[in-house]
Amino acid sequence: MYKDILVHIPTERPMRALIDGSISLAAKLNAHIDAVAVGYVAGTAAYAMEGGAAVAAVFEMERERAMERAEAALAVFKSGAAIAGISYTCHPLGAIPVDAAASLGEMARLHDLSIVLQPDPALASFDNDVPGEILFQAGGPVLFLPHTFRGTFRAKRVGICWDGSRLASRAMRDAAPLLARAEEIVIIAINESDTAPEEASASNLARHLGRRGLSTRTDSLSATRANIQPTILSLAADESLDVLVMGGYGHSRLHERFLGGVTRAMLEAMTVPTLMSH
């Protein structure tokens, strides 16, 4: 069960979708939210610490301004959380981006679920990088909410993107609290004959979930590699799915993060909340 949830509140992007979605989910689950907002300190200000007392004072002033931005974002969250009557704690941070990413990753490891806003490549902000960093560092499920999300979070109709891989299995297990409450579960198998191992087929997944008392049905589809993500979203629209569950593919090379093609495309164009695990 998701009882302890981490929510990253952006300071440089519209936050209403994230606040509405996370608070409504926490209210349904009777869960606690740790809300974190980061006011970013410019890297050049951080280097100023090495220049003596005068420039160190400049850095401290910049950090104080960053904290004010974080607290302003959290004030909006507090208002909604208080109205909903949920349990919450707010954590304002003022830090350079690399330190902020490390802190958020560490915090995410001690939460049942992390909730973040879909990145928006049209906006130049470190708030766009944080969701991917949390996905790589959390060691657990991350729920991405589309920036077009409105209203309350629902998970009555859940789609599992299944290819038989370790990451797909991890995401499916991490989504257990959502699956247990779902009214309908759709297993989405794309190009299964080419990708899924025989022992980890969609039919065997359906059998496994059936032993948990969960009823499923399978949609088997074919698509070129470039069309996998559009095919998933098209099916989600046709089936009126509330949330998708999928593995978050990618790797680290010299500490740089590279998302897999389908994962990256999903984050760029998602239309429904998507739970990912890496």
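Going by the structure above, here's the rest.
We now turn to the structure provided with this report.

The rules behind each value
- Residues numbered from 1 in each chain as written.
- Predicted model: local features only at pLDDT ≥ 70, side-chain atom pairs only at ≥ 80, totals over all residues.
- Heavy atoms only, no water.
- Helix = DSSP H or I, 4+ residues; strand = E, 2+ residues; numbered from the N terminus.
- Buried < 20%, exposed > 50% of the residue type's maximum accessible area, 1.4 Å probe, protein only.
- Contact = heavy atoms within 4.5 Å.
- Areas by Shrake-Rupley, 256 points an atom, 1.4 Å probe, with all protein chains shown as cover.
- Patch = residues over 30% accessible without salt bridge, like charges linked within 9 Å, V, L, I, M, F, W, Y side chains within 5 Å.
- Salt bridge = Lys/Arg side-chain N within 4 Å of Asp/Glu carboxyl O.
- Lys, Arg positive; Asp, Glu negative; His and termini not counted.
- Charge placed at Lys NZ, Arg CZ, Asp CG, Glu CD.
- Pairing = 2+ DSSP bridges.
- Axes fitted to C-alpha atoms, helices over the stretch in contact; angles between N-to-C directions.
- Right-handed = clockwise from strand over helix to strand, strands pointing away.

Our next topic: the overall build of the protein. Scanning the protein from terminus to terminus reveals eleven helices and twelve strands. Within the protein, the fraction of its 278 residues that count as buried is 52%. Taking as baseline every contact in the protein between residues at least 6 positions apart, the subset at least 24 positions apart corresponds to 81%. Summing over all exposed atoms, the protein offers an accessible surface of approximately 12,700 Å²; the carbon and sulfur share of this is 53%.

Together, Lys3, Lys28, Lys156 and Arg181 give the surface a local cluster of positive charge. With respect to the helices, strands and loops of the structure, Lys3 is situated in the segment before β1 (4-9).

Turning our eyes to something else, we now look at the pattern of salt bridges. Here the structure, examined in full by the defined rule, presents nine salt bridges. Two residues, Asp242 and Arg154, come together in a salt bridge whose shortest N-O distance is 3.6 Å. One end of the pair, Asp242, is in the loop between α10 (228-238) and β9 (243-247); the other, Arg154, is in the loop between β5 (142-145) and β6 (157-162), with 88 residues separating them in the sequence. For Arg154, a relative accessible area of 39% translates into the label partly exposed. Among the salt bridges present, the one from Arg217 reaches Glu239, with a minimum N-O distance of 2.4 Å. Highlighted residues: Arg217 in strand β8 (residues 216-221) and Glu239 in the loop between α10 and β9, separated in sequence by 22 residues. When its relative accessible area of 30% is taken as the criterion, Arg217 is described as partly exposed. Overall, Glu239 belongs to the buried group, its relative accessible area being 14%. The structure contains a network of salt bridges with shared partners spanning Arg157, Glu184, Arg217, Asp219 and Glu239.

Each strand in a sheet pairs with its neighbour through backbone hydrogen bonds, running either in the same direction (parallel) or in the opposite one (antiparallel). A sheet is described by the order of its strands in space; here ten strands give the open sequence β3-β2-β1-β4-β5-β12-β9-β6-β7-β8, paired in mixed fashion. Of all the strands in the sheet, the pair left with one neighbour each is β3 (87-95) and β8. Strand after strand, the sheet turns through a mean of 25° between neighbouring axes, direction not considered. When β6 meets β9, the two strands line up parallel, connected through three bridges. Along β9, the bridge assignment pairs Ile160 with Val245. On the sheet, α10 packs against β6, β7 (184-190), β8 and β9 and is oriented at approximately 155° with respect to β7.

Attention now moves to the environment of Ile115. For Ile115, the location among the structural elements is in strand β4 (residues 113-117). The exposure class assigned to Ile115 is buried, which follows from its relative accessible area of 1%.

What follows covers the pairing of strand β2 (residues 32-40). A regular strand places its side chains so that they alternate between the two faces of the sheet. Among the nine residues that make up β2, nine are buried, leaving the element largely enclosed by the rest of the structure. With burial as the criterion, each face of β2 is covered, one bearing His32, Asp34, Val36, Val38 and Tyr40 and the other bearing Ile33, Ala35, Ala37 and Gly39. In terms of strand pairing, β1 meets β2 through six bridges, oriented parallel. Residue pairing for β2: His8 is matched across the bridge by Val36. Considered for its hand, the β-α-β crossover made up of β1, helix α1 (residues 16-29) and β2 is right-handed. As paired strands, β2 and β3 are joined by nine bridges and run parallel to one another. When the sheet's bridge partners are listed, Val36 is paired in β3 with His91.

Purely spatial values, then, with no claim about function.
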